[in-house]
Amino acid sequence: MDLRALLEPTLEGLGYEMVDLELSNRGRMLRLFIDKPGGISVDDCAFVSRHLSRVMEVENVNYDRLEVSSPGLDRPLRKAGDFERFTGERAKVHTRIPVDGQRNFTGVLRGVRDDALELESEGKVLRLALSNVDKARLDPAELFAKPAPPRRGGRKG
């Protein structure tokens, strides 16, 4: 059974996007990453887990464990729509075949045009064919690199 073909439309019907599905332990452990506008809460994960457990029971999907989670700050980017949605955000991209002798790129997403991802890196816009993108993730490093705002009213000692 094609699990993606079963889960993706089910999730869409519930208002969620299937970001990724990982199978481990010979398919006995399912790890599902979901998203929706505004982000994912623990309640969303519990709701989806309960719903999918029933769906998979009806469809006779044999598994031992189901984990449902948000994609996290370093969300994987898989589809052209992902790159469009996160235009303006920083990302790390790994290509299958080197581009100008390089396979790893970090920069700001500038969208998709003519089946190519546009990524601004080191002052220039690179065009990476979507078919050549092996892995891509948002790069949350910038979120943690910003200095904390100054504290007001220090301790008196």
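Scroll up to find the structure this text is about.
Residues numbered from 1 in each chain as written. Predicted model: local features only at pLDDT ≥ 70, side-chain atom pairs only at ≥ 80, totals over all residues. Heavy atoms only, no water.

Asks: Explain the overall build of the protein to me, using residue names and the numbers behind them.
Replies: Of regular secondary structure, the protein possesses four helices and eight strands. Ordered by position from N to C terminus, the α and β elements of the protein give α-β-β-α-β-α-β-β-β-β-β-α. Looking at the protein as a whole, 36% of its 157 residues are labelled buried. Of all intrachain contacts in the protein linking residues separated by at least 6 positions in sequence, the fraction that spans at least 24 positions is 51%. For the protein, the accessible area works out to roughly 10,300 Å², and carbon and sulfur atoms hold 48% of it. (Helix = DSSP H or I, 4+ residues; strand = E, 2+ residues; numbered from the N terminus. Buried < 20%, exposed > 50% of the residue type's maximum accessible area, 1.4 Å probe, protein only. Contact = heavy atoms within 4.5 Å. Areas by Shrake-Rupley, 256 points an atom, 1.4 Å probe, with all protein chains shown as cover.)

Asks: Describe the sheet that holds strand β6 (residues 116–121), and please don't skip the residues or the numbers.
Replies: Judged by pairing direction, the sheet is antiparallel, and its five strands sit side by side in the order β7-β6-β5-β4-β8 without closing on themselves. Lying at the two open borders of the sheet, with one neighbouring strand each, are β7 (124–129) and β8 (133–138). When strand polarity is set aside, the average angle formed by the axes of neighbouring strands in this sheet is 45°. (Pairing = 2+ DSSP bridges. Axes fitted to C-alpha atoms, helices over the stretch in contact; angles between N-to-C directions.)

Asks: Please provide a residue-by-residue account of helix α1 (residues 3–14), values included.
Replies: When the terminal C-alpha atoms of α1 are compared, their 17 Å separation across twelve residues agrees well with the 16 Å that a helix rising 1.5 Å per residue should span. Among all positions in α1, only L3, L6, L7, T10 and L11 are buried. Take α1 and look down its axis: the buried residues cluster within an arc of 110°, on one side only. Exposed residues lying more than 90 degrees from the buried face of α1 are E12 and G13. Looking at the buried positions of α1, the neighbouring elements they touch are β1 (17–24), β2 (29–35) and α2 (42–58). Its side-chain oxygen placed 3.2 Å from the backbone nitrogen of R4, D2 serves as the N-cap of α1. Just beyond α1, the residue with positive phi is G15, at close to 95°. (Expected span 1.5 Å × (residues − 1). Arc of directions from axis to C-beta. Polar contact = N/O pair within 3.5 Å; in protein donor to acceptor, adjacent residues only side chain to side chain.)

Asks: Tell me about the nonpolar core, residues and numbers included.
Replies: Grouped together as the largest cluster of nonpolar side chains are 20 residues, with contacts concentrated most on L7, L11, L32, I34, V48, L52 and M56. Secondary-structure elements contributing two or more residues to this core are α1, β1, β2, α2 and β3 (65–69). With five residues, α2 is the largest single contributor of residues to this core. Those residues in contact with V48 that lie beyond four places of it in its chain are L11, Y16, L32, I34 and V68. (Core = buried A, V, L, I, M, F, W, Y, C linked by side-chain atoms within 4.5 Å.)

Asks: Before we move on, could you go through α2 and cite the residues and values that matter?
Replies: With 17 residues, α2 should reach 24 Å at 1.5 Å per residue; the first-to-last C-alpha distance of 25 Å fits that figure. Of all the positions in α2, only D44, C45, V48, L52, V55 and M56 are classed as buried. Along α2, the residues classed as buried sweep out an arc of 95° about the axis, all on the same side. Away from its buried face, by an angle of more than 90 degrees, α2 presents the exposed residues V42, D43, R54, E57 and V58. Put simply, S41 is the residue that caps the front of α2, since its side-chain oxygen is 3.3 Å from the backbone nitrogen of D43. Just downstream of α2, N60 is the residue with a positive phi angle, here 55°.

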